[in-house]
Each structure stands twice: as C-alpha cells, then as structure tokens.
Amino acid sequence: MLSTDDFTHKRCNCRKSRCLKKYCECFFTKTFCSGACSCLQCENYEGSKMLMDTLEKGEEEKQKEHDRKQIRDGKLKEKLIKLESVPRRSSTVNIFDSKKSPTIFSI
C-alpha cells in the first residue's frame with residue numbers, strides 16, 4: 001500500500017465497509033485512509049490486521065481463479081484433442097438406403 005502522501009485522490013466516505021472494499025476510493029487506489037477522509041470504523045491504515053487479512057484473502061482468491069481457469073483450459077484442450085482424433089462422419093445423409101424399404105407416411 002502507498003502512503004497517503006504519495007498522490008492525491010478523492011477521499012472516501014465509507015460507512016459500513018470499513019474501507020476494505022474496492023468501492024472505497026482509498027482502498028481502490030491502494031492508499032491508506034487519512035484524516036481528510038470521512039469514513040467510519042476505518043480499517044484501511046498501516047498495521048491493520050483486518051486490512052492484511054483482506055489483502056491475503058484477495059490474493060488467495062486470485063490464485064484459485066487462476067487455477068480454475070488453467071484446469072478449465074486444460075480440460076477444453078483435452079476435449080479438442082479427443083474430438084480431433086475421432087473420425088468425422090460424412091455431412092451428407094443417404095435417405096434412400098438400399099437395405100431398408102422406404103417409409104410411407106400418411107397424413
């Protein structure tokens with residue numbers, strides 16, 4: 001996280017999120033909240049255990065999503081390989097099969 005003096009941005013007015021969600025302007029810009037903010041019950045400050053837990057949880061979720069995507073892509077590749085190895089059928093259909101008698105439909 002950057003300090004509050006690194007650059008200026010809009011200050012937050014968080015009421016229920018404790019400044020730990022991406023819709024908090026400070027959290028979104030990866031800065032700590034400062035005295036200029038109007039937030040309540042803020043947990044976005046240097047040394048906050050709740051902030052560290054939130055950031056670690058976010059990294060774990062990103063890794064899990066990456067792993068899911070890799071597995072999904074791998075399965076798709078396996079399916080494509082299997083499909084490519086299966087001989088393709090002819091796209092035309094012979095409706096007059098000589099082995100079967102024609103079917104007559106009555107309306």
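Our structure's up above, just so we're on the same page.
Fair warning: this is a prediction, and the values are worked out from it, not measured in the lab.

Let us now look at the overall build of the chain. Of regular secondary structure, the chain possesses 2 helices and 0 strands. Looking at the chain as a whole, 18% of its 107 residues qualify as buried. Long-range pairs, those at least 24 residues apart, make up 44% of the contacts in the chain between residues at least 6 apart in sequence. Taken as a whole, the chain presents about 9,600 Å² of accessible surface, with 56% of it coming from carbon and sulfur.

The next thing to look at is the side chain of Asn 44. Considering the arrangement of structural elements, one finds Asn 44 in the loop between helix H1 (25-28) and helix H2 (49-85). A polar side-chain atom of Asn 44 sits 3.0 Å from the main-chain carbonyl oxygen of Thr 31.

On to the pattern of salt bridges, then. Following the criterion strictly, the structure yields 4 salt bridges and no others. Residues Asp 53 and Lys 49 are paired through a salt bridge, measuring 3.3 Å at the closest nitrogen-oxygen approach. Pair noted here: Asp 53 and Lys 49 are both in helix H2, with a separation of 4 residues, about one helical turn. A relative accessible area of 36% places Asp 53 in the partly exposed class. Judged by relative accessible area, Lys 49 falls into the exposed class, the value being 60%. Between Glu 59 and Lys 62 there is a salt bridge; the shortest N-O distance is 3.7 Å. Taken together, the residues Glu 59 and Lys 62, both in helix H2 and 3 residues apart, mark about one turn of the helix. Several salt bridges share partner residues, and in doing so they unite Glu 65, Arg 68 and Arg 72 into one network.

Attention shifts here to the layout of surface pockets. Each pocket or cavity is described by its volume, and for the largest pocket that value is around 450 Å³. Contributing to the lining of the largest pocket are 13 residues, with Lys 22, Phe 27, Leu 55, Gly 58 and Lys 62 lying nearest its centre. Mapped by element, the contributors of at least two residues to the lining of the largest pocket are H1 and H2. Grouping the constituent residues of the lining of the largest pocket by class yields 5 nonpolar, 2 polar and 6 charged.

Basis of the calculations
- Residues numbered from 1 in each chain as written.
- Predicted model: local features only at pLDDT ≥ 70, side-chain atom pairs only at ≥ 80, totals over all residues.
- Heavy atoms only, no water.
- Helix = DSSP H or I, 4+ residues; strand = E, 2+ residues; numbered from the N terminus.
- Buried < 20%, exposed > 50% of the residue type's maximum accessible area, 1.4 Å probe, protein only.
- Contact = heavy atoms within 4.5 Å.
- Areas by Shrake-Rupley, 256 points an atom, 1.4 Å probe, with all protein chains shown as cover.
- Polar contact = N/O pair within 3.5 Å; in protein donor to acceptor, adjacent residues only side chain to side chain.
- Salt bridge = Lys/Arg side-chain N within 4 Å of Asp/Glu carboxyl O.
- 1 Å grid on protein atoms, 1.4 Å probe; cavity = no way out; pocket = protein on both sides within 12 Å on 5 of 7 lines; lining within 4 Å.
- Points joined across faces, edges and corners; volume = space filled by probe spheres on them.
- Nonpolar A, V, L, I, M, F, W, Y, C, P; charged D, E, K, R; others polar.

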